[in-house]
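Secondary and tertiary structure notes
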Amino acid sequence: EGLSESIRKSICCTAKQILAFAEEKYSVCIPVIKLPEFRYAPKRQSSFSRAEQSRILAAVWGNPERYKAAILLGLYTGMRLGELCALKWEDIDWENRTLTVNRTVQRLAANDHISKTILMESAPKSESSRRTIPLTIPVLERLLSLREDRIYVFGGEKPQDPRTMQYRFKRLLKEAQVDDRNFHVLRHAFATNCIENGMDPKTLSEILGHSDVKITLNRYVHPTMDTKREQMGVLSDFYGQICGQAA
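Parameters at a glance
Residues numbered from 1 in each chain as written. Predicted model: local features only at pLDDT ≥ 70, side-chain atom pairs only at ≥ 80, totals over all residues. Heavy atoms only, no water. Core = buried A, V, L, I, M, F, W, Y, C linked by side-chain atoms within 4.5 Å. Buried < 20%, exposed > 50% of the residue type's maximum accessible area, 1.4 Å probe, protein only. Helix = DSSP H or I, 4+ residues; strand = E, 2+ residues; numbered from the N terminus. Contact = heavy atoms within 4.5 Å. Salt bridge = Lys/Arg side-chain N within 4 Å of Asp/Glu carboxyl O. Arc of directions from axis to C-beta. Phe/Tyr/Trp six-rings, centres within 6.5 Å; stacked < 30°, edge-to-face > 60°. Lys NZ or Arg CZ within 6 Å of the ring centre and 35° of its normal. Pairing = 2+ DSSP bridges.

Brief notes about the nonpolar core
Counting 47 residues, the largest nonpolar core has Phe48, Ile71, Leu73 and Phe154 as the members making the most contacts within it. A per-element tally of this core places helix α3 (residues 66–77) first, with 7 residues. In this view, Ile71 contacts Ile56, Val60, Phe169, Leu172, Phe183 and Leu186; residues no more than four positions away in its chain are not counted.

Section: the pattern of salt bridges
Taken as a whole and assessed by the stated rule, the structure comprises 14 salt bridges. Note that Asp180 and Lys170 form a salt bridge whose closest N and O atoms lie 3.0 Å from each other. Linking Asp180 in the loop between α6 (162–175) and α7 (185–196) with Lys170 in helix α6, this pair joins segments that are 10 residues apart in sequence. Its relative accessible area of 27% is what places Lys170 among the partly exposed residues. One continuous salt-bridge network, built from bridges that share partners, spans Glu90, Asp91, Arg103 and Glu121.

Some remarks on helix α8 (residues 201–208)
Helical geometry: 3.6 residues make up each α-helical turn, so side chains three or four residues apart lie on a common side. Along α8, the residues classified as buried are Leu204, Ser205, Ile207 and Leu208. Across the axial projection of α8, the buried residues extend over an arc of 165 degrees, all falling on one side.

Things to note about the environment of Pro223
Mapped onto the elements of the fold, Pro223 is located in the loop between α9 (213–220) and α10 (225–246). Sequence separation between Pro223 and Ile71 is 152 residues, and the spatial gap between their C-alpha atoms is 21 Å.

Quick notes on the packing of aromatic side chains
As enumerated under the stated definition, the model contains 5 aromatic pairs in all. Each ring, one from Phe21 and one from Tyr26, has its centre 6.2 Å from the other, and the planes form 80 degrees; the classification is edge-to-face. For Phe21, a relative accessible area of 47% corresponds to the partly exposed category. An aromatic cluster of three or more residues is present, and its members are Phe48, Phe169 and Phe183. Above the ring of Tyr220, the side-chain terminus of Arg187 is found at 5.0 Å from the ring centroid.

Details of the sheet that holds strand β5 (residues 132–134)
Spatial strand order, β1-β2-β5: 3 strands in an open sheet with antiparallel pairing. Of all strands in the sheet, those bounded by a partner on one side alone are β1 (92–93) and β5. Taken together, the 2 bridges between β1 and strand β2 (residues 98–100) define a ladder with antiparallel strand orientation. Within β2, the residue paired with Asp93 across the bridge is Thr98.

Have a look at this one:
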């Protein structure tokens with residue numbers, strides 16, 4: 001009691017995995033456990049408006065700073081923050097104009113370490129997260145301008161720290177006079193832009209690395225007020241045509 005639905009769901013999921021492991025590895029007879037029903041509703045993210053995206057692009061486009069190129073790539077590909085920070089030059093296929101997501105990085109708590117946390121690099125969160133994303137020529141040219149004899153695109157010999165990237169992103173939003181958001185909202189903006197410009201949900205789902213199209217549509221696509229006005233305008237024109245025919 002007192003825990004959020006998300007935490008309760010995570011606890012039950014972990015417990016099931018432990019019991020399944022015990023049953024498979026040590027032949028322990030595990031009784032059937034009835035789990036509680038969850039009514040978890042994901043928190044709806046507030047995406048960037050077109051005006052805000054315009055100010056962000058103006059602040060990052062053509063700027064030589066690496067973290068600004070990372071923000072640009074996030075808005076153009078919908079990559080997760082950890083995936084961007086773990087991106088290596090070897091992941092970019094210049095000839096075929098693609099980028100492959102092979103790993104991610106995150107900062108985790110470490111009890112037996114000098115520091116309280118450590119930077120941990122690992123495989124993508126799921127098999128569907130390991131994906132190849134086509135890149136536009138302007139984005140490729142921007143990345144090419146940053147190319148140096150280093151392993152990581154936005155780091156050096158080590159991956160970029162997501163915490164540092166998040167801090168720099170928030171600082172850029174403040175400079176661009178855009179309301180504070182997390183880096184992850186770039187992913188939501190990318191998804192919304194793709195749908196509004198005619199990309200089919202299945203293609204978008206694969207680019208984002210989702211296993212289910214429903215996740216893409218329910219969690220990552222947020223029609224802007226501009227889009228709602230445009231769609232209502234289409235309906236108004238339709239009714240106008242009907243009235244004209246009736247006359």
